[in-house]
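Results of the structural survey
The residues making up each chain are set out below.
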Amino acid sequence: MQVAVVTFDGFNELDSFIASALINRCREDGLEAFITTPTPVIRSMNGVEVTGQRPIEFAAEADAVLIGSGIRTRDVVADDRLISMLPLDPTRQLIGSQCSGALVLARLGLLAGMPACTDRTSRPFVEAGGLTVLDAPFHAEGNIATAGGCLASQYLATWVITRTLGEGAARDVLDYVAPVGENRETVDRALHAIRTGRPALR
């Protein structure tokens, strides 16, 4: 099973790298994520240059697709050519967005009739498109999910792992990466978030 972490120029490192790194903890179980880019090399919002692992066309064949955010997402959704390179299909793919990535899902017509999660900066632009934005870090309906806030990328990754390999695999990954002494809280918080849209309170 392959996951395309779609990453555009001006991307937020936390979004793409956290999701990719968590999912890639499952390589031995057959689940692998790839940084997927529209050009061979892209630059992050903080000037970090990254070579893509897969071209953007890979998103159409991946089992799951996560759309990251960045400072140029509104330019992405205004680019008809670029959008046409993302013929995503929620009937056979898990599809999620992080923060301003919700604008991409909306542009693709994948959020019709459902609320979305996004970050505070992107919220007015998402709402301007007629969507309801939730005050929550994560929301999923069927094969579509949105996450809001950079560190909510852990919830998006947890959702993909749970949906493809089961909750046990997600627990193992979260337990491994959790801050020392906060293992149980980290695991419970993430799993509660993908079940309810809100982290568990302690």
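Everything numeric in this text was worked out from a predicted model, so none of it was measured.

With that out of the way, let us pick up the packing of aromatic side chains. Here the structure, examined in full by the defined rule, presents three aromatic pairs. Ring centres of Phe 11 and Phe 17 lie 5.7 Å apart, and the angle between their planes is 75 degrees; this geometry places the pair in the edge-to-face category. On the basis of relative accessible area, Phe 11 is assigned to the buried category, the value being 1%. Between Phe 34 and Phe 58, the ring centres sit 5.7 Å apart and the planes meet at 85 degrees, which makes this aromatic pair edge-to-face. In this pair, Phe 34 is assigned in strand S2 (residues 32–37) and Phe 58 in the loop between strand S5 (54–55) and strand S6 (64–67), connecting sequence segments 24 residues apart. One cation-aromatic arrangement involves Arg 54 over Phe 34; the distance from NZ or CZ to the ring centre is 3.8 Å. Over the ring of Phe 58 we find Arg 54, and its NZ or CZ is 5.7 Å from the ring centre.

Another point: the nonpolar core. With 34 residues, the main nonpolar core has Val 3, Ile 23, Phe 138, Trp 159, Val 160 and Ile 161 as its most contacted residues. Listed by contribution, the elements that provide at least two residues to this core are strand S1 (2–6), helix H1 (13–23), S2, S6, strand S9 (144–147), helix H6 (153–165), helix H7 (167–177) and helix H8 (183–196). Here this core gets six residues from one element, more than from any other, and that element is H6. For Val 160, the residues in contact, after removing those within four places along its chain, are Val 3, Ile 23, Leu 31, Ala 64, Leu 66 and Leu 94. Val 6, Met 114, Leu 131 and Ile 144 belong to the second largest nonpolar core, which has 30 residues in total.

Our next topic: the state of the cysteines. Scanning all chains against the criterion turns up zero disulfides. The thiol of Cys 117 is not disulfide-bonded; the next cysteine sulfur, from Cys 99, is found 9.8 Å away. Assessed through its relative accessible area of 0%, Cys 117 is described here as buried.

Of note in this structure, Cys 99 is not a glycine but carries a positive phi near 50 degrees. With respect to the helices and strands, Cys 99 occurs in the loop between strand S7 (94–98) and helix H4 (101–107). When its relative accessible area of 2% is taken as the criterion, Cys 99 is described as buried.

This part is about H1. Among the residues making up H1, those that are buried are Glu 13, Asp 15, Ser 16, Ala 19, Ser 20, Leu 22 and Ile 23. Of the residues that open H1, the one with a side-chain oxygen 2.9 Å from the backbone nitrogen of Leu 14 is Asn 12.

On to the side chain of Ser 97, then. With respect to the element layout, Ser 97 can be found in strand S7. The buried category is assigned to Ser 97, whose relative accessible area is 0%. The residues contacting Ser 97, other than those within four sequence positions of it, are Ile 67, Ala 102, Leu 105, Ala 145, Thr 146, Ala 147 and Leu 156.

Looking now at the environment of Thr 7. Topologically, Thr 7 is positioned in the loop between S1 and H1. Owing to a relative accessible area of 1%, Thr 7 belongs among the buried residues under this scheme. When the C-alpha atoms of Thr 7 and Thr 73 are compared, they prove to be 10.0 Å apart, with 66 residues separating the residues in sequence. At a separation of 2.9 Å, a polar atom in the side chain of Thr 7 contacts the side chain of Ser 16.

It is worth spelling out the packing of H6 against H7 at this point. Between H6 and H7, the least distance of the axes is 7 Å, while the angle of their chain directions is 140 degrees. Contacts between H6 and H7 involve Thr 158, Ile 161, Thr 162 and Leu 165 from the former and Glu 167, Ala 169, Ala 170, Val 173 and Leu 174 from the latter. In terms of residue class, the contact of H6 with H7 is built from six nonpolar, two polar and one charged.

A few words on the pairing of S2. Of all six residues making up S2, five are buried, and the element is well covered by its neighbours. With five bridges connecting them, S1 and S2 associate as parallel partners. Bridge pairing links Ala 4 to Phe 34 in S2. Note that the unit made of S1, H1 and S2 has a crossover that is right-handed. As judged from the two bridges shared by S2 and S5, these two strands associate in the parallel manner. Across the sheet, Thr 36 pairs through a bridge with Arg 54, a residue of S5.

What counts and what doesn't
Along each chain, residues carry numbers from 1 onward, in the same order as the chain's sequence is written. Totals for whole chains, interfaces and linings use every residue, but because this is a predicted model, local features are given only for residues with pLDDT of at least 70 and side-chain atom pairs only at 80 or more, for both listing and counting. With hydrogens and water set aside, each side-chain value is computed from the structure's full complement of heavy atoms. Stacked, tilted and edge-to-face are the three classes assigned to paired rings of Phe, Tyr and Trp, where Trp is represented by its six-membered ring and a pair needs centres within 6.5 Å; plane angles under 30 degrees give stacked, over 60 edge-to-face, the rest tilted. Summary of the burial criterion: residues with accessible area below 20% of their type's maximum are buried, those above 50% are exposed, and those between are partly exposed, where the area comes from a 1.4 Å probe applied to protein chains only. Strands are runs of DSSP state E lasting at least 2 residues, helices are runs of H or I lasting at least 4, and numbering of each runs from the N terminus. Working rule: Lys NZ or Arg CZ, within 6 Å of ring centre, within 35 degrees of ring normal, means a charge sits over the ring. We define a nonpolar core as any set of buried Ala, Val, Leu, Ile, Met, Phe, Trp, Tyr and Cys residues linked to one another through side-chain atoms lying within 4.5 Å. Contact criterion: two residues are considered in contact whenever any of their non-hydrogen atoms come within 4.5 Å of each other. For this text, the term disulfide refers to a pair of cysteine sulfurs within 2.5 Å. Definition of a polar contact: a pair of N or O atoms within 3.5 Å, with one able to donate and the other able to accept a hydrogen when the atoms are protein atoms, and with sequence-neighbouring residues admitted only if both atoms are side-chain atoms. Angles here are taken between N-to-C directions and fall from 0 to 180 degrees, while the axes themselves are lines fitted to C-alpha atoms, restricted in helices to the stretch in contact. Side-chain classes follow a simple rule in which Ala, Val, Leu, Ile, Met, Phe, Trp, Tyr, Cys and Pro form the nonpolar group, Asp, Glu, Lys and Arg form the charged group, and the remainder, Gly included, forms the polar group. Two strands make a pair as long as DSSP finds a minimum of two bridges between them. Throughout, right-handed denotes a crossover for which the path from the first strand over the helix to the second runs clockwise when the strands point away from the viewer.

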